[in-house]
Amino acid sequence: MRNNGDMWALNSVIAVGLIAIFLIGFFMVASLVLPKDVGKIKASVADADSGSQLISLFRVPVRNMVVADIVRGSVSCSEFENVLDKVHTYSAYSLKINGKTSCSKGLIKDNVLKVDFALPLYDDRIADVSLEVSK
Amino acid sequence: MMSLLKNRKGMDYSAFLVIVVFIVCIYLFVQLSSKINVFALSVGDQELALMNAYGEGDKLLLFVDQSAKYAVFDSVRELASNGGFAPGSEPCGSVGPVGVVVSKHSFWVKEGKKCYSDVNVYDSFDSVLSGNLNSFLLNSPFSVFKNNFEFVVDDSKVMGIAVKPVLIPVLVSPENRLSFSSILVRVADEFGVAGTGVYAVRPSFSVDAQTLLDNYELVQDQVDVLLDCVKTGSLDACVKSSNSDDFKWAYQQVTGSSVFVFAVRLNKFVDPFSKDPVYIKFALHLPGVRVQ
């Protein structure tokens with residue numbers, strides 16, 4: 001610290017350091033506090049759209065039945081996957097019937113499209129079906 | 001260090017920069033928050049509600065399709081075991097279960113009267129099918145009216161269509177409902193459901209199934225032949241002569257009476273949901289007949 005130039009330099013370093021701390025703090029707080037709304041809106045719309053597409057999957061004929069007959073065990077998981085392969089591009093899926101996973105492949109992470117619906121069983125009971133597909 | 005602190009120009013300039021950046025960050029945060037909150041509740045909400053309503057409609061149609069498939073095959077089986085009559089509409093009543101006869105059999109012939117003459121088996125099938133479809137649909141998560149379907153039955157198909165539509169409400173997100181309160185009230189008054197609109201669906205179905213309802217007439221003709229046959233021959237011989245590729249006959253006598261119960265197996269009926277064969281069951285009152 002022998003002259004004015006040194007002092008200006010030290011002041012500048014402290015100022016830039018403080019500014020950097022403020023900016024990093026700002027982005028950290030913003031990423032935690034502010035909702036990612038645009039992403040949410042897009043996800044909601046895409047979810048509804050693909051949900052109806054996933055329903056149509058259960059109408060595809062398999063042998064002399066349809067995919068929906070998987071709820072009574074008449075359609076196998078491999079047959080279900082064959083149909084899913086033709087209709088959707090996916091990296092993982094999970095099909096749950098009455099809360100129990102009946103068929104699955106891979107690990108569901110993000111970009112999940114989901115549809116929940118009910119199907120009748122032969123003995124008047126209802127099966128709750130849930131299909132999640134991850135792109 | 002002391003000389004650094006004494007340099008007022010350097011200190012003022014740095015502090016000024018830091019304070020400006022701090023204020024800009026706060027301003028930016030407030031602006032972002034306010035703008036994001038504006039978009040969060042409204043963009044695409046109504047469109048999304050409409051798409052969800054269509055999705056619900058698809059779920060309903062799939063549920064009806066599957067229910068109809070089960071109900072049709074159930075109905076063929078139930079109608080056959082009730083002798084071609086809708087339950088409760090047997091013109092001459094029924095017999096059983098009694099003794100070795102373990103199930104109920106509707107009378108086809110009683111005290112010389114042919115009870116099947118005035119009964120249309122197609123009407124009976126519609127009635128049974130309507131009841132079975134009700135039991136599936138009234139358990140469903142959808143508000144479907146009771147006895148709401150009309151049916152068309154032909155040789156290889158059973159088709160049905162709802163008379164009254166099922167109303168599915170178009171529901172915006174709960175946060176936005178307040179701004180649609182007047183519309184919600186109008187829709188509720190007119191349609192009886194709460195929503196910003198209503199998606200009306202008339203479910204229909206077509207099930208590939210051979211109901212073999214024409215077989216009842218063939219079996220009734222064979223009963224006419226049997227009634228003539230037993231006048232001269234034994235019941236056992238007459239029943240054996242009735243067997244064919246389409247039908248296999250079996251009978252039992254109700255102990256201590258002149259009532260015989262029959263089970264005619266429909267050999268050509270194929271039920272994809274049950275491996276059990278289907279039998280047309282009925283009872284004949286045959287006083288004075290020779291069994292063997």
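What you see is a predicted model, and the numbers here were worked out from it, not measured in a lab. (Residues numbered from 1 in each chain as written. Chains lettered and ligands numbered in written order. Predicted model: local features only at pLDDT ≥ 70, side-chain atom pairs only at ≥ 80, totals over all residues. Heavy atoms only, no water.)

Q: Even after reading the chapter, I still don't get the state of the cysteines, so can you show me in this structure?
A: Joining two cysteines, a disulfide is a covalent bond between their sulfur atoms. Counted according to the given criterion, the structure contains three disulfides over all chains. Here Cys77 of chain A is linked by a disulfide to Cys103 of chain A, with a sulfur-sulfur distance of 1.9 Å. Residues Cys77 of chain A and Cys103 of chain A are joined by a disulfide whose S-S torsion is about -80 degrees; by sign, that bridge is left-handed. Note that Cys77 of chain A is positioned in helix α3 (residues 77-87) and Cys103 of chain A in strand β4 (residues 100-105), a separation of 26 residues in sequence. Classification of Cys103 of chain A as buried rests on a relative accessible area of 3%. Paired by a disulfide, Cys229 of chain B and Cys238 of chain B hold their sulfur atoms 1.9 Å apart. (Disulfide = S-S within 2.5 Å. Helix = DSSP H or I, 4+ residues; strand = E, 2+ residues; numbered from the N terminus. Buried < 20%, exposed > 50% of the residue type's maximum accessible area, 1.4 Å probe, protein only.)

Q: Explain the layout of surface pockets to me, please; I cannot follow it from the model alone.
A: A water-sized probe rolled over the atoms picks out the places where empty space is left. Taken as a whole, the largest pocket spans an internal volume of roughly 420 Å³. In terms of lining residues, the largest pocket is bounded by 19 residues, among which Asn64, Met65 and Val66 of chain A together with Lys69 and Asp208 of chain B are the most central. Elements with a contribution of two residues or more to the lining of the largest pocket: β2 (65-66) of chain A together with α3 (45-81) and β8 (204-208) of chain B. Ranked by residue count, the leading element in the lining of the largest pocket is α3 of chain B, at six residues. Considered class by class, the residues forming the lining of the largest pocket number ten nonpolar, three polar and six charged. Its volume calculated, the second largest pocket comes out at about 300 Å³. Along the wall of the second largest pocket there are 16 residues; nearest its centre are Glu56, Phe142, Leu167, Ile168 and Pro169 of chain B. (1 Å grid on protein atoms, 1.4 Å probe; cavity = no way out; pocket = protein on both sides within 12 Å on 5 of 7 lines; lining within 4 Å. Points joined across faces, edges and corners; volume = space filled by probe spheres on them. Nonpolar A, V, L, I, M, F, W, Y, C, P; charged D, E, K, R; others polar.)

Q: Looking at this structure, I do not really get the packing of α3 of chain B against helix α4 (residues 121-137) of chain B. What am I missing?
A: Angle between the axes and distance between the axes are the two parameters that describe a pair of packed helices. All names here are of chain B. Running from amino to carboxyl end, α3 crosses α4 at an angle of 135 degrees, the nearest separation of the two axes being 8 Å. As judged from the angle between their axes, α3 and α4 are oblique. Read as a crossing pair, α3 and α4 show a hand that is right-handed. Listed contacts from α4 to Phe63, Val64, Ser67, Ala68, Tyr70, Ala71, Val72, Asp74, Ser75, Val76, Glu78 and Leu79 of α3 are Val121, Ser124, Phe125, Val128, Leu129, Asn132, Leu133, Phe136 and Leu137. Its residues placed into classes, the contact of α3 with α4 shows 15 nonpolar, four polar and two charged. (Axes fitted to C-alpha atoms, helices over the stretch in contact; angles between N-to-C directions. Parallel < 35°, antiparallel > 145°, perpendicular 65-115°, else oblique. Left-handed = near helix turned anticlockwise from the far one by under 90°. Contact = heavy atoms within 4.5 Å.)

Q: Got a minute to help me understand the sheet that holds strand β6 (residues 126-134) of chain A in this structure?
A: Strand-to-strand pairing in sheets goes through backbone hydrogen bonds, with the strands running parallel or antiparallel. Residue and element names in this part refer to chain A. Across the sheet, four strands lie side by side as β4-β3-β6-β5; this open sheet has antiparallel pairing. Strand pairing shows two members of the sheet lacking a second neighbour, β4 and β5 (112-120), which therefore form its edges. For this sheet, the mean inter-axis angle between neighbouring strands, taken without regard to orientation, is 15 degrees. Across six bridges, strand β3 (residues 92-97) lies against β6 in antiparallel orientation. Within β6, the position partnered with Ile97 by the bridge is Val129. (Pairing = 2+ DSSP bridges.)

Q: Before we go on, may I ask you to explain the pattern of salt bridges in this structure?
A: Where charged atoms of side chains with opposite charge meet at close range, the side chains can pair. Considering all chains together, one arrives at twelve salt bridges over all chains under this definition. Of the charged contacts, one joins Glu90 of chain B and Lys104 of chain B as a salt bridge, the two residues approaching to 3.0 Å between their closest N and O atoms. With Glu90 of chain B in the loop between α3 and β1 (94-95) and Lys104 of chain B in the loop between β1 and β2 (105-110), this residue pair connects regions lying 14 residues apart in the sequence. Classification of Glu90 of chain B as buried rests on a relative accessible area of 14%. Among the ionic pairs, Lys231 of chain B bridges to Asp228 of chain B, the shortest N-O distance being 3.4 Å. One network of salt bridges, in which partners are shared, links Asp69 and Arg72 of chain A together with Lys69 of chain B. (Salt bridge = Lys/Arg side-chain N within 4 Å of Asp/Glu carboxyl O.)

Q: What is the right way to read the confidence of the model for chain B from this model?
A: Across chain B, the average pLDDT comes to 85, with 93% of residues at or above 70. Scoring the predicted complex yields pTM 0.76 and, for the interface, ipTM 0.73. (pLDDT = per-residue confidence, 0-100.)

Q: Looking at this structure, how should I read the pairing of strand β10 (residues 259-266) of chain B?
A: A regular strand places its side chains on the two faces of the sheet in alternate fashion. Residues and elements named next belong to chain B. Of all eight residues in β10, seven are buried; the element is thus mostly enclosed. By the bridge criterion, seven bridges tie strand β9 (residues 247-253) to β10 in an arrangement that is antiparallel. Paired with Ala250 across the strands is Ala263, a residue of β10. Linking β9 back to β10 in an antiparallel pair, the connection comprises five residues, with Gly256 at a positive phi of about 75 degrees. Relative to strand β11 (residues 279-285), β10 runs antiparallel, the two sharing seven bridges. Bridging across to β11, Phe262 finds its partner in Phe282.

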